[in-house]
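Commentary on secondary and tertiary structure
Letter by letter, the chains look like this.
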Amino acid sequence: MSTRRTTVLIATAGLLAVCAYAAVALMQILVWNPEAAVPGLTADQIWAEVAAAQQGPPGVLVVGIVVFGPLLAAVMFALFVATDAGVWPTVAGYLGLLAMGAVGYFFASFGPGMGLADTYFINGGDYSRASLALAAASALAVVLLLVLSVGAAWRARRERLALARA
C-alpha cells in the first residue's frame, strides 16, 4: 500500500475517531450525565428545571466547544491529504487532538455541571460512566503520543549514528 493511501486511511480514521469522541462528549453533557445525576427525570425535564432556577442550561457555547474538535479534525484531514504529510505526522496530529479532547470536555461540561449542582444541590461532577470512556481515550492518545515520540527520537538517534560512521 502506498504512503499516500495509508495517510488518507489514517486521516479518515482520525476524523471519524474525533467525531465519535465529540458525539459521546455531547451526549454525556446534555443527556447521560444529567439523567444519571437526577434519576427519574428526562434530560429535557432536568434542563427545564435548571433554566427555571436561572442556572443557565447548556447553550451554544457547550455545543461550540465540542464541535470545535471535529471542525479542526476536518481541517487537519484536508491539510494532511492535500500536502501528503505522511503517516506519522498524521497519526500524531490526530492523537494530539484526541488527547486535547479531555480539555475540551472539561470546559464544555463545566457550566452545565455547575447548573446541575446549583439546581439540585449535588456536586458538579460526572455521574454517568461515559466520561470514563472519554478520559480513557484521551489518556491512551497521550500514551501513544509518548510512544511515538520515543520511537521517533530513537530512530533519529540511530540515523545520526549511522551517518557519523559513514
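Residues numbered from 1 in each chain as written. Predicted model: local features only at pLDDT ≥ 70, side-chain atom pairs only at ≥ 80, totals over all residues. Heavy atoms only, no water.

Quick look at helix α4 (residues 87-120) now. The end-to-end C-alpha distance of α4 is 49 Å, a good match for the 50 Å that 34 residues give at a rise of 1.5 Å each. The largest bend along α4 measures about 35 degrees and falls at F110, with the proline P112 one to four residues further on. Looking one or two residues past α4, F121 carries a phi angle of roughly 55 degrees, positive in sign. (Helix = DSSP H or I, 4+ residues; strand = E, 2+ residues; numbered from the N terminus. Expected span 1.5 Å × (residues − 1). Bend = angle between axes of the 7 residues up to and from the residue.)

Applying the stated criterion across every chain yields a total of one salt bridge. Here E159 and R155 are joined by a salt bridge, their closest N and O atoms 3.1 Å apart. Of this pair, E159 and R155 both sit in helix α5 (residues 130-165), four residues apart, roughly one helical turn. Given a relative accessible area of 42%, E159 falls into the partly exposed group. Classification of R155 by relative accessible area gives partly exposed; the value is 47%. (Salt bridge = Lys/Arg side-chain N within 4 Å of Asp/Glu carboxyl O. Buried < 20%, exposed > 50% of the residue type's maximum accessible area, 1.4 Å probe, protein only.)

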